[in-house]
Amino acid sequence: MVFSVIIPTYNEVGFIIKCLASLQKQILEPGDALEIIVIDDGSTDGTVDKIKHFLSNIELQFPISFLQQNHQGPAIARNSAAKAAKGQILVFVDADMEFHKFFIRQLVKPIKSNQVKGTFSKKEYVANWDQSLARCWNWNDSLPEKKRIPINYPDEGEDFRAILKSEFLKVKGFDNVGYTDTWTLAKKLGYKPRNAVGAIYYHYNPGNLIEIFKHASWVAKREY
């Protein structure tokens, strides 16, 4: 089975190479294959040059396709990449994430075994806990140390990390509503993703004042 990992980028020069490098280290089950699709949403900070340099200088275990679009937002970027994906299962991640070597394997396992149509993971940890401002994210949201998801979070989530491509295309993907665009998928499908046990990954919290300001500005664009 083929899995397509989709990564939208917008001014992610400090993170994207770490993300891609950790995906290249994934260990899959025999017979499975992985493709990675990076789609840049009009970056202006050198992200594009970083990606192109990585692709031309690194021997890849898994193929990486690089797409570009004018700045339209991550929802449109994800939807465009999904249409180009070859995999039966789509995996949506962010450029500021890194992954345990069995992340993909564990994330798609319940879908491969026909238990569910989509998954997420509660094993989401803070990648930059050593930065004092990064820890403020957790304190502000009353989250446990080093984790980005509450301890008692249910086994049903809001955000699909992996989903059958046929299900995704059936509802025409994500709605372009800004920060919470990925939540729109569950509403349109009428069901939520289920927890994939053992799918461990790491997400960078905003770690300096510039990142905090940019993230807060993005979050504040929500209608509510």
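Now for a look at the structure at hand. In this text, all values refer to a predicted model and were calculated from it rather than measured experimentally. (Residues numbered from 1 in each chain as written. Predicted model: local features only at pLDDT ≥ 70, side-chain atom pairs only at ≥ 80, totals over all residues. Heavy atoms only, no water.)

**Some words on the packing of helix α1 (residues 16–23) against helix α2 (residues 47–57)**
Inference 1: For the pair α1 and α2, interaxial distance at closest approach is 10 Å and the crossing angle is 30°. By the angle between their directions, the pair α1 and α2 is classed as roughly parallel. Crossing of α1 against α2: the hand is right-handed. When α1 is examined against α2, the residues Ile16, Ile17, Leu20 and Ala21 are found in contact with a partner set consisting of Thr47, Lys50, Ile51 and Phe54.
Inference 2: Residue composition of the contact of α1 with α2, grouped by class: six nonpolar, one polar and one charged. (Axes fitted to C-alpha atoms, helices over the stretch in contact; angles between N-to-C directions. Helix = DSSP H or I, 4+ residues; strand = E, 2+ residues; numbered from the N terminus. Parallel < 35°, antiparallel > 145°, perpendicular 65-115°, else oblique. Left-handed = near helix turned anticlockwise from the far one by under 90°. Contact = heavy atoms within 4.5 Å. Nonpolar A, V, L, I, M, F, W, Y, C, P; charged D, E, K, R; others polar.)

**Description of the side chain of Asp41**
Inference 1: Looking at the element boundaries, Asp41 is found in the loop between β2 (33–40) and α2.
Inference 2: Buried charge without a salt bridge: Asp41, with Arg78 as the nearest opposite-charge side chain at an N-O distance of 9.1 Å.
Inference 3: A distance of 2.7 Å separates the side chain of Asp41 from the side chain of Gln69, its partner in a polar contact.
Inference 4: Beyond its immediate chain neighbours, meaning those up to four positions away, Asp41 contacts Thr9, Tyr10, Gln69, Asn70, His71, Gln72, Gly73 and Pro74. (Buried < 20%, exposed > 50% of the residue type's maximum accessible area, 1.4 Å probe, protein only. Lys, Arg positive; Asp, Glu negative; His and termini not counted. Salt bridge = Lys/Arg side-chain N within 4 Å of Asp/Glu carboxyl O. Polar contact = N/O pair within 3.5 Å; in protein donor to acceptor, adjacent residues only side chain to side chain.)

Function cannot be inferred from these measures alone, as they are strictly geometric.
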